[in-house]
Amino acid sequence: MKTYPIGLVPGPVSVPKDIREVYAIDFGSADLEDDFFELYGKASDLLKNILSTKGDAVIMSGEGMLALWGALKSVVSPGKRVLAVSNGIFGEGIAQMARSLGCEVREVSFDYDSIPDPDVIRKEALAFRPFIITAVHCETPSGVLNPIKPIGQIAEEVGALFYVDFVSSACGTEVLVDDWHIDLGLLGSQKALSLPPDLAIITVSEKAWDAIAARNYEGYDALLPWRDGPGKKELPYTHNWHAVAALFKAADKLLREGLENVYKRHEDVKNYCLKRLKNMGLKVFAREERYSSPTVTAVCVPENWDWEGLDSSLRERGVVLGGSYGPLKGRLFRIGHMGSQADKELVGKALDVLQEILNN
């Protein structure tokens, strides 16, 4: 895929020039240099600040899915009960991941265009008594942002670990890891952090560390070596110094902008996007506007168009948006206004082109 002047794919997002420049620095060996471990600690501390946790923030080398798999495999074993809250493709995917690991999985499913009902979840959790409850904050394929705190309270009530995928929401909207009782919080570098897809980040509570130690899983994606490894300067593999340096810069930029300002910027761009789409007569997929994510908007492909044709017309004019996948493939297209792309002027240019195409 070539570079497009107006890029609004919902991840990987456009990487700003000052971040790209960090990758051009000729760093030394992450295995041997004290400077790397000092930087790792600083980057981890900034993430803890952004995600509002007193727990640990583990930074692993790999794409965001490494966080999802590594966290799950590090705590569950065959036969463990997993209650998977699902109203989208990623919620269903986590349930399937747990099944593949031999877990006893009960899926609590809701419509893709709606949000989970805590009363239904509580009833299932009390009856099933799971070892772990899983949920997704932002279902990127459908553009729905799910309330997480009520589910975390249920996990606390039943004594379950709470595992949350906030890959495409964190750093673009508020995530309060400790307040929401999140034991394993999952983040990728390529969304609102505006980095390439080369880091997997996991917040880990003390409760989760205890479960990780009991499981004692060994593998490339295992979390256990990261409990003491950074402090001992003994990591399980050669880390990506360039990416960690870029992460530090990106996290520092967010904090300098001010998290309230960052979240307002995303919310303002979302509202602008929704208003423009409504004026065009286009239907947003989320059943209610309040369900729409501040980081990505999913739109129903208009009548008399198919996504392939609309995508081609947009690209001819320098605009690239995202399609969707799974059951939503061909039915929706997505505008990724997260991170560096949470820019009203950029989104406005894309919507101008879209309107022009639809009016012709």
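The preceding data block contains the structure.
Here's what I pulled together on the structure shown here. Note that the structure is a prediction, hence the values are computed from the model and not measured. (Residues numbered from 1 in each chain as written. Predicted model: local features only at pLDDT ≥ 70, side-chain atom pairs only at ≥ 80, totals over all residues. Heavy atoms only, no water.)

## What about helix H2 (residues 34–51)?
And step 1. Along its 18 residues, H2 runs 26 Å from first to last C-alpha, staying within 8% of the 26 Å computed at 1.5 Å per residue.
And step 2. The set of residues buried in H2 consists of Phe36, Phe37, Leu39, Tyr40, Ala43, Ser44, Leu46, Leu47, Ile50 and Leu51.
And step 3. Looking at the buried residues of H2, the elements they touch are strand E2 (56–61), strand E9 (184–188), strand E10 (199–204), helix H8 (225–232), helix H9 (241–257) and helix H10 (259–279).
And step 4. Residue Ser52 follows H2 closely and has a positive phi angle near 55°. (Helix = DSSP H or I, 4+ residues; strand = E, 2+ residues; numbered from the N terminus. Expected span 1.5 Å × (residues − 1). Buried < 20%, exposed > 50% of the residue type's maximum accessible area, 1.4 Å probe, protein only. Contact = heavy atoms within 4.5 Å.)

## Re the sheet that holds strand E4 (residues 104–109)
And step 1. Strand order in the open sheet made by the seven strands is E2-E10-E9-E8-E5-E3-E4, with mixed pairing throughout. Every other strand in the sheet has two partners, leaving E2 and E4 as the edge strands with one partner each. Put simply, the sheet's adjacent strands are angled 20° from each other on average, direction ignored.
And step 2. Sheet analysis places strand E5 (residues 132–136) next to strand E8 (residues 161–165), joined by five bridges and oriented parallel. By the bridge assignment, Ile132 is partnered in E8 with Leu161.
And step 3. The sheet strands contacting H2 are E2, E9 and E10, and the helix crosses E2 at an angle near 125°.
And step 4. Across the sheet, helix H7 (residues 206–215) touches E2, E8, E9 and E10, and the angle it forms with E10 is around 105°. (Pairing = 2+ DSSP bridges. Axes fitted to C-alpha atoms, helices over the stretch in contact; angles between N-to-C directions.)

## Topic: the pairing of E9
And step 1. Buried residues dominate E9, accounting for five of its five residues.
And step 2. Residues Leu184, Leu186 and Gly188 point to one face of E9 and Gly185 and Leu187 to the other, with burial holding for every one of them.
And step 3. Both E8 and E9 contribute to a ladder of three bridges, which runs parallel. Paired with Val164 across the two strands is Gly185, which belongs to E9.
And step 4. Where E9 meets E10, five bridges bridge the pair, whose relative direction is antiparallel. Looking at E10, one finds that Leu184 is bridged to Val204.

## Focus on the sheet that holds strand E11 (residues 296–300)
And step 1. What the three strands build is an open sheet, ordered E11-E14-E13; its pairing is antiparallel. Unpaired on one side and paired on the other, E11 and strand E13 (322–323) mark the two borders of the sheet.
And step 2. Looking at chain direction, E13 and strand E14 (residues 332–336) are connected through two bridges and run antiparallel. From the neighbouring strand, Gly322 faces E14, where its bridge partner is Arg334.

## Regarding unusual backbone geometry
And step 1. Note that the residue after Gly11, namely Pro12, is joined by a cis bond; omega there is -5°.
And step 2. With respect to the helices and strands, the residue Pro12 is situated in the loop between strand E1 (6–7) and helix H1 (17–22).
And step 3. In this structure, Cys171 is a non-glycine residue whose phi angle is positive, near 80°.
And step 4. By the secondary structure assignment, Cys171 is in the loop between E8 and E9.
And step 5. Of note in this structure, Lys233 is not a glycine but carries a positive phi near 60°.
And step 6. Judged by its relative accessible area of 40%, Lys233 falls in the partly exposed class.

## Comments concerning the packing of helix H3 (residues 64–73) against helix H4 (residues 89–100)
And step 1. Interhelical geometry of H3 versus H4 gives an angle of 45° and a closest axis separation of 11 Å. If you check the angle between H3 and H4, you find them oblique. Between H3 and H4 lies a crossing whose hand is right-handed. Only Phe90, Ile94, Met97, Ala98 and Ser100 of H4 make contact with H3, whose side of the interface consists of Met65, Leu68, Trp69 and Leu72.
And step 2. Counted by class, the contact of H3 with H4 contains eight nonpolar, one polar and no charged residues. (Parallel < 35°, antiparallel > 145°, perpendicular 65-115°, else oblique. Left-handed = near helix turned anticlockwise from the far one by under 90°. Nonpolar A, V, L, I, M, F, W, Y, C, P; charged D, E, K, R; others polar.)

## Considering the nonpolar core
And step 1. Membership of the largest hydrophobic core comes to 98 residues, with the highest contact counts inside it found for Ile133, Tyr163, Leu184 and Leu223.
And step 2. The residues contacting Tyr163, other than those within four sequence positions of it, are Leu68, Ala71, Leu72, Ile94, Met97, Ile132, Ile133, Thr134, Ala135, Leu184 and Leu186.
And step 3. In terms of nonpolar packing, the next biggest core, distinct from the first, is built from 29 residues, Val269, Cys273, Leu282 and Val319 among them. (Core = buried A, V, L, I, M, F, W, Y, C linked by side-chain atoms within 4.5 Å.)

## What about the pattern of salt bridges?
And step 1. Across all of its chains, the model carries 23 salt bridges by this definition.
And step 2. Note that Arg81 and Glu104 form a salt bridge whose closest N and O atoms lie 3.4 Å from each other. Of this pair, Arg81 sits in strand E3 (residues 81–86) while Glu104 is found in strand E4, placing the two residues 23 residues apart along the sequence.
And step 3. Residues joined in a network through salt bridges with shared partners are Asp111, Asp113 and Arg287. (Salt bridge = Lys/Arg side-chain N within 4 Å of Asp/Glu carboxyl O.)

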